[in-house]
Amino acid sequence: AQSVSQHNHHVILSEAASLELGCNYSYGGTVNLFWYVQYPGQHLQLLLKYFSGDPLVKGIKGFEAEFIKSKFSFNLRKPSVQWSDTAEYFCAVNARWAGSYQLTFGKGTKLSVIP
Amino acid sequence: DGGITQSPKYLFRKEGQNVTLSCEQNLNHDAMYWYRQDPGQGLRLIYYSQIVNDFQKGDIAEGYSVSREKKESFPLTVTSAQKNPTAFYLCASSTQGGTEAFFGQGTRLTVV
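Cut-offs applied
- Residues numbered from 1 in each chain as written.
- Chains lettered and ligands numbered in written order.
- Predicted model: local features only at pLDDT ≥ 70, side-chain atom pairs only at ≥ 80, totals over all residues.
- Heavy atoms only, no water.
- Disulfide = S-S within 2.5 Å.
- Helix = DSSP H or I, 4+ residues; strand = E, 2+ residues; numbered from the N terminus.
- Buried < 20%, exposed > 50% of the residue type's maximum accessible area, 1.4 Å probe, protein only.
- Salt bridge = Lys/Arg side-chain N within 4 Å of Asp/Glu carboxyl O.
- Contact = heavy atoms within 4.5 Å.
- Buried area = accessible area lost by both parts, 1.4 Å probe.
- Polar contact = N/O pair within 3.5 Å; in protein donor to acceptor, adjacent residues only side chain to side chain.
- Nonpolar A, V, L, I, M, F, W, Y, C, P; charged D, E, K, R; others polar.

A. Representation of the state of the cysteines in the model. Residue and element names in this part refer to chain A. Taken as a whole and assessed by the stated rule, the structure comprises two disulfides over all chains. One disulfide bridge connects Cys 23 with Cys 91, the sulfur atoms lying 1.9 Å from each other. Here Cys 23 and Cys 91 share a disulfide; its torsion about the S-S bond, -70°, makes the bridge left-handed. Highlighted residues: Cys 23 in strand β4 (residues 23-26) and Cys 91 in strand β10 (residues 87-97), separated in sequence by 68 residues. Cys 91 carries the same exposure label as Cys 23, and that label is buried.

B. Representation of the pattern of salt bridges within the structure. Residue and element names in this part refer to chain A. For the structure on display, the rule yields eight salt bridges over all chains. In this structure, the salt-bridge partner of Arg 77 is Glu 66, at a minimum N-O distance of 3.2 Å. Of the two residues, Arg 77 sits in strand β9 (residues 73-78) while Glu 66 sits in strand β8 (residues 64-68), which places them 11 residues apart along the sequence. Residue Arg 77 is classed as partly exposed on the basis of its relative accessible area of 22%. Two residues, Lys 78 and Asp 85, come together in a salt bridge whose shortest N-O distance is 2.9 Å.

C. Seen up close, the side chain of Ser 73 of chain A. Residues and elements named next belong to chain A. By secondary structure assignment, the location of Ser 73 is in strand β9. Taking the relative accessible area as the measure of exposure, Ser 73 reaches 5% and is therefore buried. Each residue touching Ser 73, except ones within four places of it in the same chain, is listed here: Cys 23, Asn 24, Tyr 25, Glu 66, Phe 67 and Ile 68.

D. Looking closely at the interface of chain A and chain B. Of the residues lining the interface, 21 residues belong to chain A; the matching set on chain B comes to 22 residues. At the boundary of chain A with chain B, total buried surface from both sides reaches about 1,800 Å², with 52% on carbon and sulfur atoms. Summed over the shared surface of chain A and chain B, the result is one salt bridge. One salt bridge in this structure joins Lys 49 of chain A and Glu 100 of chain B, with 2.4 Å as the shortest N-O distance. Counting every contact that joins chain A to chain B gives eight residue pairs in polar contact (both at pLDDT 80 or more). Looking at the side of chain A that touches chain B, the elements that each hand over two or more residues are β5 (31-38), β6 (45-50), β10 and β11 (100-105) of chain A. Of the residues forming the side of chain A that touches chain B, the biggest block, five residues, is contributed by β11 of chain A. For the side of chain A that touches chain B, a count of residues per class yields 10 nonpolar, eight polar and three charged.

What follows is the structure, encoded as structure tokens:
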């Protein structure tokens, strides 16, 4: 089965700092990749997704992610964070396993942005 | 309004009792998922179903059971065999083929 590893448990940044959250997955076949965000007290929302094509994908709220197949990575970036970006971020992989698609999440990275 | 409805939002049960969490979707999605979210553990897959009358165990299926009798419904039963049932449970759905999943608001289960 596939697994997803997120490098940082908790990241603390000041407003306007740049953000990069690491995500690596282990699966040798074709994957669909996602970043989800969970704002305090809210349900999970999709930030961005990669299925195929341009490995640099842009999502909502100025986020982007780059798929590097050789490194099995899908890191999330934002040039300048805002206080409102304070949330928990989850990387996820959807891949075919034992005849069906299984959606697997990383453990999440909590981002705290200090005004 | 299309979406996924989980009920109830908060649930309290005594130890040793089975409890069923509801998940209904009107998105016409074939696939549905149940996850458990604990602090620092991320989302761990309990069960998933790609089609009606079929489902597979996820990574932490022990102590849980599901059914998928209707396309729009995927209830999760937390049985007394689950050693540590207190958690936040999330239901999701997607089209087939590995597309993005849409999530419900979750059910927070507390077993006392």
